[in-house]
Amino acid sequence: MNMVFFRITYSDKYRVATLHNYGCTFRCAVCSYRLRSGANGPPGLSFPRPERFLTVPQMKQALLSVPLDKVSFMGGEPTVSKELPEMLDFVKNTLGVKAYLGHTNGSRLPLPNLDGANVGIKAWDEKVHQQYTGKPKSLIFRNFEAAFHAGLDMKANVVFIPGYVDVDQVEAIAAWLAELSSEIPFHIMGYIPVPGQPYERPTDEQMLAAVEGCRKHLRNVAYSHLTSQQALDLTARDDRFIVREIS
Ligand code: SF4
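Model, not experiment: these values are computed from the prediction. (Residues numbered from 1 in each chain as written. Predicted model: local features only at pLDDT ≥ 70, side-chain atom pairs only at ≥ 80, totals over all residues.)

Chemist: So what about the overall build of the protein? Which residues, and what values?
Modeler: Each helix and strand counted, the protein has eight helices and nine strands in total. For 247 residues, the compact-globule estimate of 2.2 N^0.38 gives 18 Å, and the C-alpha radius of gyration of the protein, at 18 Å, lies within 12% of that figure. Along the longest, intermediate and shortest principal axes, the C-alpha atoms of the protein span 50 × 40 × 35 Å. Counting all 247 residues of the protein, 35% fall into the buried class. (Helix = DSSP H or I, 4+ residues; strand = E, 2+ residues; numbered from the N terminus. Rg over C-alpha atoms; globule rule 2.2 N^0.38 Å. Buried ≥ 20, exposed ≤ 12 C-beta atoms within 10 Å, placed from the backbone.)

Chemist: Just give me the short version of the pairing of strand S2 (residues 16-21), but keep the residues and values in it.
Modeler: Of all the six residues making up S2, six are buried; the element is thus mostly covered by neighbouring parts of the structure. Alternating positions in S2 separate into two faces, Val16, Thr18 and His20 on one and Ala17, Leu19 and Asn21 on the other, with burial throughout. Two elements, strand S1 (residues 5-11) and S2, share six bridges in a ladder whose sense is antiparallel. Counterpart to Phe5 in the pairing with S2 is Asn21. For S2 and strand S3 (residues 70-74), the ladder comprises five bridges, and the chain directions are parallel. Across the sheet, His20 pairs through a bridge with Met74, a residue of S3. (Pairing = 2+ DSSP bridges.)

Chemist: Pulling in residues and values, what's your account of the sheet that holds strand S4 (residues 98-104)?
Modeler: Taking strand neighbours across the sheet as the criterion, the nine strands line up as S8-S7-S6-S5-S4-S3-S2-S1-S9 in an open arrangement whose pairing is mixed. Here the strands that pair on one side only, and so sit at the sheet edges, are strand S8 (221-224) and strand S9 (244-245). Where strand S6 (residues 153-160) and strand S7 (residues 186-190) come together, five bridges link them in parallel fashion. From the neighbouring strand, Ala156 faces S7, where its bridge partner is Phe186. The strands that helix H2 (residues 56-64) touches are S1, S2 and S3; relative to S1, the one it contacts most, it runs at about 5°. (Contact = placed C-beta atoms within 7 Å. Axes fitted to C-alpha atoms, helices over the stretch in contact; angles between N-to-C directions.)

Chemist: Now, about helix H6 (residues 167-180): what can you tell me, with residues and values included?
Modeler: When the terminal C-alpha atoms of H6 are compared, their 21 Å separation across 14 residues agrees well with the 20 Å that a helix rising 1.5 Å per residue should span. Buried within H6 we find Gln169, Val170, Glu171, Ile173, Ala174 and Leu177. (Expected span 1.5 Å × (residues − 1).)

Chemist: Can you tell me about the pairing of S7, naming the residues and giving the values?
Modeler: Buried residues dominate S7, accounting for four of its five residues. Since S6 and S7 lie parallel, the crossover through H6 that links them has a hand, and here it is right-handed. Of the pairings in the sheet, the one linking S7 to S8 comprises four bridges and is parallel in character. Among the inter-strand pairings, His187 is bridged to a residue of S8, identified as Ala222. Crossover handedness for the path S7 to helix H7 (residues 204-215) to S8: right-handed. (Right-handed = clockwise from strand over helix to strand, strands pointing away.)

Chemist: Give me the lowdown on the environment of Arg49, citing residues and values where you can.
Modeler: Position of Arg49 relative to the elements: it lies in the loop between helix H1 (34-37) and H2. C-beta crowding within 10 Å serves as the criterion here: with 9 such atoms nearby, Arg49 is assigned to the exposed category. For the pair Arg49 and Phe6, spaced 43 residues apart in sequence, the C-alpha separation works out to 9.6 Å.

Chemist: Quick one: what's the story with the nonpolar core, residue by residue and with numbers?
Modeler: Ranked by internal contacts, the top residues of the largest apolar core, which has 59 residues, are Phe160, Val170, Phe186, Ile188 and Cys214. With five residues, the single largest contributor to this core is S6. The residues touching Val170, leaving out its near neighbours within four places in the chain, are Val158, Phe160, Val165, Ile188, Ala210, Gly213 and Cys214. (Core = buried A, V, L, I, M, F, W, Y, C linked by C-beta atoms within 7 Å.)

Structure below.
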């Protein structure tokens, strides 16, 4: 897909620009982007289609206009973009700064000129993975492993959904990551109920069990346990979300 990036934000404090894309390679029923679109929205990434998209020259011009240490691509799923390889090349070789996929489902990794990626691993159970994402689990785990061995700075996260992606699966993912390295940062996000889906937000006890299970395997396990309201206003909780638009 050409022209999928529609917005560039910039953090003055962290000297990071983030390019946001529309569209995803998966169609997850429990996608958190559906928090805004409601029960009748389609599965997967379903916020309204942006009114305008940015051309490659517009993106490059915006990135040249600010001091940078890092550029992050996220969405949606940034690897749907046919322009991503050119932008990664520009970030690494013209701007000379770090290039990351700030959030990806891992369906297209590794990539040239990429320093690292934060992969949302959806499930450990093969059937759940297939049902959740419409894709086989092996694709994501193989890509993660290949990116790790290619020397990328890899992080992972999972949405903990009691009764669907339960503690056993979350812990199994942590154990698998630990076989690559026990230093891989892992973030567990407590599920935020998506309208029209049957699953509930984890209790404090369930959240603790998931975190403790993962800490048996990995040194760097963090978690978030937000309510729907908190998720819709992240700037109140984390200054990385205090940004301004530069395109
Ligand atoms: S991979 Fe992520 S962004 Fe894409 S549909 Fe699934 S949850 Fe949503």
